[in-house]
Amino acid sequence: MATPQEKAGERFKFLVCVDGSPQSRAALRFAALRARNTGGLLALLHVCEPVDCQGWMRVADTMEAEQREEAECLLQDMAGEVFALTSLVPELNFRRGAIGTEILETVREDGDIHALVVGAAPASARRGRLISWLAGELAGSLDIPLVIVPGNLTDRQIDRLA
């Protein structure tokens, strides 16, 4: 029999945006350990931007099918990492569209997500388009905490924080 904490909607669910990069793996490790340590749940989200091949529908269809296959392999790989680390089986989500929009839609549609976890690339990587957008645009639209995990943390540092 499920304890009251284990009833649907009452367990803290972390949504992690993953792309296979070192920073998304850092975010994944942090969220997986937090979920395990708090008796929570974990959901992974990978978003692919639409393929733009105007007038080349077959090419676009082929490219999108390849993207989908790669995304499914990535999600399965990351779910395996989560299971090996925590024995948790995460929910897997694949979406196609603008990443910010798809994150918001995933949070809205799920209804049970309590925190969004993303990894930040080190400043030297000159990336961070998602982090900049999240901080500037999305943060005001979210009604859940946004957790940004620095991608240059070691596993030991993440383990101590989680």
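Structure: above.
The present account deals with the structure reproduced in this document. If you're wondering where the values come from, they're calculated on a predicted model, not measured in any experiment.

**What to know about the packing of aromatic side chains**
Right, on to step 1. The full count for this structure, using the stated rule, is one aromatic pair.
Right, on to step 2. Centroid distance Phe 12 to Phe 14: 4.9 Å. Interplanar angle 55 degrees. Geometry classified as tilted.

**Examining the nonpolar core**
Right, on to step 1. Of all hydrophobic cores here, the largest spans 26 residues; its most connected members are Phe 14, Val 16, Val 18, Leu 28, Leu 42, Leu 44 and Val 117.
Right, on to step 2. Every element with two or more residues in this core is listed here: strand S1 (13-17), helix H1 (22-38), strand S2 (41-48), helix H2 (57-86) and strand S4 (113-120).
Right, on to step 3. Other than its neighbours up to four places away in sequence, Val 117 contacts Phe 14, Leu 15, Val 16, Cys 17, Ala 27, Phe 30, Ala 31, Val 147 and Val 149.
Right, on to step 4. In this structure, Ala 43, Leu 45, Ile 103 and Leu 116 belong to the second largest nonpolar core, which totals twelve residues.

**A few points about the sheet that holds S1**
Right, on to step 1. Spatially, five strands are ordered S3-S2-S1-S4-S5 in an open sheet, and the strand pairing comes out parallel. What marks the edges here is a single partner per strand, and that holds for strand S3 (91-96) and strand S5 (146-150). Between one strand axis and the next, the sheet turns through 25 degrees on average, direction left out of account.
Right, on to step 2. Pairing analysis gives five bridges linking S4 to S5, with the strands arranged parallel. By the bridge assignment, Val 117 is partnered in S5 with Val 147.
Right, on to step 3. In the packing of H1 onto the sheet, contacts are made with S1, S2, S4 and S5, and the angle to S1 comes to roughly 170 degrees.
Right, on to step 4. Here helix H3 (residues 99-110) sits on the sheet and contacts S1, S2, S3 and S4; the angle it forms with S3, its principal contact strand, is near 135 degrees.

**Side note on the pattern of salt bridges**
Pairing between side chains of opposite charge can happen when their charged atoms approach one another.
Right, on to step 1. As enumerated under the stated definition, the model contains eleven salt bridges in all.
Right, on to step 2. Glu 102 is the partner of Arg 95 in a salt bridge, and the nearest nitrogen-oxygen pair spans 2.6 Å.
Right, on to step 3. A relative accessible area of 18% means that Arg 95 is categorised as buried.
Right, on to step 4. Residue classification places Glu 102 among the buried positions, given a relative accessible area of 11%.
Right, on to step 5. A salt bridge links Glu 109 to Arg 95, with the shortest nitrogen-to-oxygen separation between them at 3.0 Å. With Glu 109 in helix H3 and Arg 95 in strand S3, this pair connects stretches of sequence that are 14 residues apart.
Right, on to step 6. Judged by relative accessible area, Glu 109 falls into the partly exposed class, the value being 48%.
Right, on to step 7. Here the salt bridges share partners, and the residues they tie into one network are Arg 95, Glu 102, Glu 105, Arg 108 and Glu 109.

Conventions adopted
- Note on numbering: residues in each chain are counted from 1, in written sequence order.
- Local features are withheld for residues below a pLDDT of 70 in this predicted model, meaning they are given only at 70 or higher, and side-chain atom pairs are given and counted only at 80 or more; totals for whole chains, interfaces and linings count all residues.
- Note that water and hydrogens are dropped before the side-chain values are worked out from all heavy atoms of the structure.
- Each pair of aromatic rings taken from Phe, Tyr and Trp, with Trp reduced to its six-membered ring, is defined by centres within 6.5 Å and is described as stacked if the planes are under 30 degrees apart, edge-to-face if over 60, and tilted in the remaining cases.
- What makes a nonpolar core is a set of buried Ala, Val, Leu, Ile, Met, Phe, Trp, Tyr and Cys residues whose side-chain atoms join them at distances within 4.5 Å.
- Only protein chains enter the area calculation, which uses a 1.4 Å probe; residues under 20% of their type maximum are buried, those over 50% are exposed, and those in between are partly exposed.
- Note on conventions: DSSP H or I runs of at least 4 residues are helices, E runs of at least 2 residues are strands, and numbering of each starts at the N terminus.
- Any two residues having at least one pair of non-hydrogen atoms within 4.5 Å are treated as being in contact.
- Strands were regarded as paired on the criterion that DSSP finds at least two bridges between them.
- Inter-axis angles, ranging from 0 to 180 degrees, are taken between N-to-C directions of lines fitted to C-alpha atoms, where helices are fitted over the stretch in contact.
- Salt bridges are counted wherever a side-chain nitrogen of Lys or Arg sits within 4 Å of a carboxyl oxygen of Asp or Glu.

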